Amino acid sequence: MYIGYIFDLDDTLYCEHDFVTSGFRAVAKELACYRSDMSVGAIQEMLIAEWKKNGRGKVFNEICKRLDVDIDIAHLVHIYRTHHPDISLYEDAKEFISFLKEKGKILGIITDGHSTMQWTKVEALNLESMFDYIIVTGDLGDEHWKPSETPYRKMVEYLNLDFKDCVYIGDNPHKDFITARKLGMGTIRIIRNIGDHMRTRLAKEYEADHVIDSLSELMDRVE
Ligand SMILES: [Mg+2]
């Protein structure tokens, strides 16, 4: 069957909410320097509550306003993106990766996002020792983020494989599968208990060939 197993990162291999919570802790530590009357934990809770209520977009602006802290928001974004995250691989991801390696499969990651931020995740999860090639599209420029063909082409070229020998495994039907499928790769969508796309349903060309809720389900399908 497939030789190359190419994964998305956020919400496919680890829980992105854990990264957000961890980043908010780092930002809360900074904000607590300006509000000695408040604990880091209390500020972190405020950030989390605002994020859950209104999404990620203006969390820092809103909480700084409420705390009456006058600080450059770009500085907080920098702290968030560069902090050493407290995250770990999903158990099924850990097992599936070792299983694939035992089977002699070739492993890759294509992940969208701010370059430094994605690489701190890769480092925290120790992924470079497990994967043959990792592409952070943030390194390539905005126009090369998924669903651009660029990262998929770069991946198979580097791994020296054909598209038909590879499968892409991700969680976001808006961008993970449409191009992979068009290029001839297999596509698998994982729907976990936590994630922004659990309930997303799109037109057929955006969806994957198979849907799973744990990577363990793929074990008996690997030859
Ligand atoms: Mg994802």
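Residues numbered from 1 in each chain as written. Predicted model: local features only at pLDDT ≥ 70, side-chain atom pairs only at ≥ 80, totals over all residues. Heavy atoms only, no water.

**Q** Help me understand the pairing of strand 2 (residues 106–111) in this model?
**A** Walk down a regular strand and you will see the side chains alternate between the two sheet faces. Burial within strand 2 is extensive, with five of its six residues counted as buried. Sheet topology places strand 1 (residues 4–7) next to strand 2; four bridges connect them, and they run parallel. The partner of Phe7 across the bridge, within strand 2, is Ile109. Summarising the sheet, strand 2 and strand 3 (residues 133–136) pair through four bridges and their orientation is parallel. Bridge assignment links Ile109 to a residue of strand 3, and that residue is Ile134. In this view, the connection linking strand 2 to its parallel neighbour strand 3 by way of helix 6 (residues 115–124) has right-handed handedness. (Buried < 20%, exposed > 50% of the residue type's maximum accessible area, 1.4 Å probe, protein only. Helix = DSSP H or I, 4+ residues; strand = E, 2+ residues; numbered from the N terminus. Pairing = 2+ DSSP bridges. Right-handed = clockwise from strand over helix to strand, strands pointing away.)

**Q** What am I meant to see in the side chain of Asp11 here?
**A** Looking at the secondary structure, you find Asp11 in the loop between strand 1 and helix 1 (16–32). Despite its burial, Asp11 remains without a salt bridge, the nearest opposite charge being carried by Arg56 at 6.5 Å. Polar side-chain contacts of Asp11 include one of 2.9 Å to the backbone nitrogen of Glu16. Look past the residues within four positions of Asp11 in its chain and what remains in contact with it is Glu16, His17, Asp171, Ile190, Arg192, Ile194, Gly195 and Asp196. (Lys, Arg positive; Asp, Glu negative; His and termini not counted. Salt bridge = Lys/Arg side-chain N within 4 Å of Asp/Glu carboxyl O. Polar contact = N/O pair within 3.5 Å; in protein donor to acceptor, adjacent residues only side chain to side chain. Contact = heavy atoms within 4.5 Å.)

**Q** Would you take a moment to explain the environment of Lys94 for this structure?
**A** Take Lys94: it is sitting in helix 5 (residues 91–102). Relative accessible area serves as the criterion here: at 39%, Lys94 is assigned to the partly exposed category.

**Q** What is the right way to read the pattern of salt bridges from this model?
**A** Counted under the stated rule, the structure contains 17 salt bridges. Arg56 serves as the salt-bridge partner of Asp196, at 3.6 Å between the closest nitrogen and oxygen. A residue pair is termed long-range when its members are at least 10 positions apart, and Asp196 in the loop between strand 5 (186–190) and strand 6 (210–212) and Arg56 in the loop between helix 2 (40–54) and helix 3 (59–67) qualify at 140 residues. For Glu62, the salt bridge is made with Lys65, and the minimal N-O distance between the two is 3.8 Å. In this pair, Glu62 and Lys65 both sit in helix 3, three residues apart, roughly one turn of the helix. Ionic contacts of the salt-bridge type, sharing partners, join the residues Glu50, Glu62, Lys65 and Arg66 into one network.

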